[in-house]
Amino acid sequence: MNQELNKRLKIILSVIFIIILLILILYFFNQFLKLNIYEEVERTTTTIKTTKKVDYDFIELTNDKKIFFNNYLNNIFISKAFNNAIEKNYKVYNINLIQSEISKFKFIYTYLKLKNAEENITFEKINEYSNKFFKTNLYQENLNIFLQEQSYYYEFNNEELDFCLKVNSEKDNILFIDMVKKETGICNNDALYYDKNLIVNQIKLEYLLIDEEMIYYSFMIVK
């Protein structure tokens, strides 16, 4: 009787041991799978993050398009208008430097003074050109600091620029532009090859082209 009982007890204990062993094996196998999945997710996430840092969507423009945009943006009236609009803030990065009404006013005022040599610039004229260049209306109250009697005055910078703009590539109506130190021959608009060491800044210009006239939405210095 005792032998029979001992035999049954051994069988029961063996079964319990096997069950515990199986549970442990399943547990460690499950942990192993979780670890592998976690590492794979980490690798994938890291790859995605790394990929996001590089924007490969900018497409290099044809030579004809580069020359077209170089001619447009290096026009002395436009280039000096931008220079005044951003007040030489070429070290302010990743901010739209023409978003304020003040910067738009300075752009327009410089352009009108240089191109049309206008004497008495009214708000109506400013607003007309705001729609021409920026497709937006300005608020007269925001420009009162420049108002003198019935017209506006701003002492704009008319110095010769020590740089020129070289349009490089484009993505979704955003031009990628090199700001290049002015040297002999380099700033000819059809000079498309230049020493990259001459680049002092890079610009993203968001624009719209209608009937070969540019509308400007954003002018941003990027590193």
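Details of the structure are given in the entry above.
Residues numbered from 1 in each chain as written. Predicted model: local features only at pLDDT ≥ 70, side-chain atom pairs only at ≥ 80, totals over all residues. Heavy atoms only, no water.

## Points about the overall build of the protein chain
- Helix and strand counts for the protein chain stand at five helices and seven strands.
- The linear arrangement of helices and strands in the protein chain, starting from the amino end, is α-β-α-α-α-α-β-β-β-β-β-β.
- Taken over 223 residues, the protein chain has a buried fraction of 36%.
- Restricting to contacts in the protein chain with at least 6 residues of sequence separation, those with at least 24 account for 60%.
- Counting every atom, the protein chain has about 14800 Å² of accessible surface; 55% of that belongs to carbon and sulfur. (Helix = DSSP H or I, 4+ residues; strand = E, 2+ residues; numbered from the N terminus. Buried < 20%, exposed > 50% of the residue type's maximum accessible area, 1.4 Å probe, protein only. Contact = heavy atoms within 4.5 Å. Areas by Shrake-Rupley, 256 points an atom, 1.4 Å probe, with all protein chains shown as cover.)

## Brief notes about the sheet that holds strand β1 (residues 59–60)
- In spatial order, the strands read β1-β4-β5-β6-β7; together these five strands make up an open sheet with antiparallel pairing. Looking at which strands have only one partner, the edges of the open sheet turn out to be β1 and β7 (213–222).
- Direction of pairing for strand β4 (residues 163–171) relative to strand β5 (residues 174–181): antiparallel, over a ladder of eight bridges. Directly across from S169, in β5, lies its bridge partner F176. (Pairing = 2+ DSSP bridges.)

## A look at the pattern of salt bridges
- Inspection of every chain in the model, using the stated rule, returns five salt bridges.
- The residue E160 makes a salt bridge to K80 at a minimum N-O spacing of 3.5 Å. Highlighted residues: E160 in the loop between β3 (151–152) and β4 and K80 in helix α3 (residues 76–85), separated in sequence by 80 residues.
- Residue classification places E160 among the exposed positions, given a relative accessible area of 61%.
- Here K106 makes a salt bridge to E87, at a shortest N to O gap of 2.0 Å. Here K106, found in helix α4 (residues 101–116), pairs with E87, found in the loop between α3 and α4; they are 19 residues apart in sequence, far enough to count as distant. (Salt bridge = Lys/Arg side-chain N within 4 Å of Asp/Glu carboxyl O.)

## Comments concerning the packing of aromatic side chains
- Here the structure, examined in full by the defined rule, presents 25 aromatic pairs.
- A ring pair is formed by Y90 and F163, whose centres lie 5.5 Å apart and whose planes are at 75 degrees; its orientation type is edge-to-face. Here F163 lies in strand β4 and Y90 lies in the loop between α3 and α4, a separation of 73 residues in the sequence. Like F163, Y90 is buried.
- With a centroid separation of 5.6 Å and 35 degrees between ring planes, the pair formed by F105 and Y109 is classed as tilted. Separated by four residues within a single helix, F105 and Y109 lie in helix α4, roughly one turn from each other.
- Aromatic rings pair up to connect F77, F82, F107, Y111, Y129, F133, F134, Y216 and F219 into one cluster.
- Looking at K104, its charged tip hangs above the ring of F134, at a distance of 5.5 Å from the centre. (Phe/Tyr/Trp six-rings, centres within 6.5 Å; stacked < 30°, edge-to-face > 60°. Lys NZ or Arg CZ within 6 Å of the ring centre and 35° of its normal.)

## Structural notes on the side chain of N83
- Relative to the elements of secondary structure, N83 occurs in helix α3.
- Among the polar contacts listed, one links the side chain of N83 to the side chain of Y90, at a separation of 2.4 Å.
- Not counting the four nearest positions on each side in its chain, N83 is found in contact with K88, Y90, N157, L161 and F163. (Polar contact = N/O pair within 3.5 Å; in protein donor to acceptor, adjacent residues only side chain to side chain.)

## Some remarks on the pairing of strand β6 (residues 199–210)
- Relative to β6, β5 runs antiparallel, the two being bridged by seven bridges. Bridge pairing in β6 links I177 to I203.
- As judged from the nine bridges shared by β6 and β7, these two strands associate in the antiparallel manner. The residue of β7 that forms the bridge with K204 is M220.
- Between β6 and β7, which pair antiparallel in sequence order, lie two residues; one of them, D211, sits at a positive phi of approximately 50 degrees.

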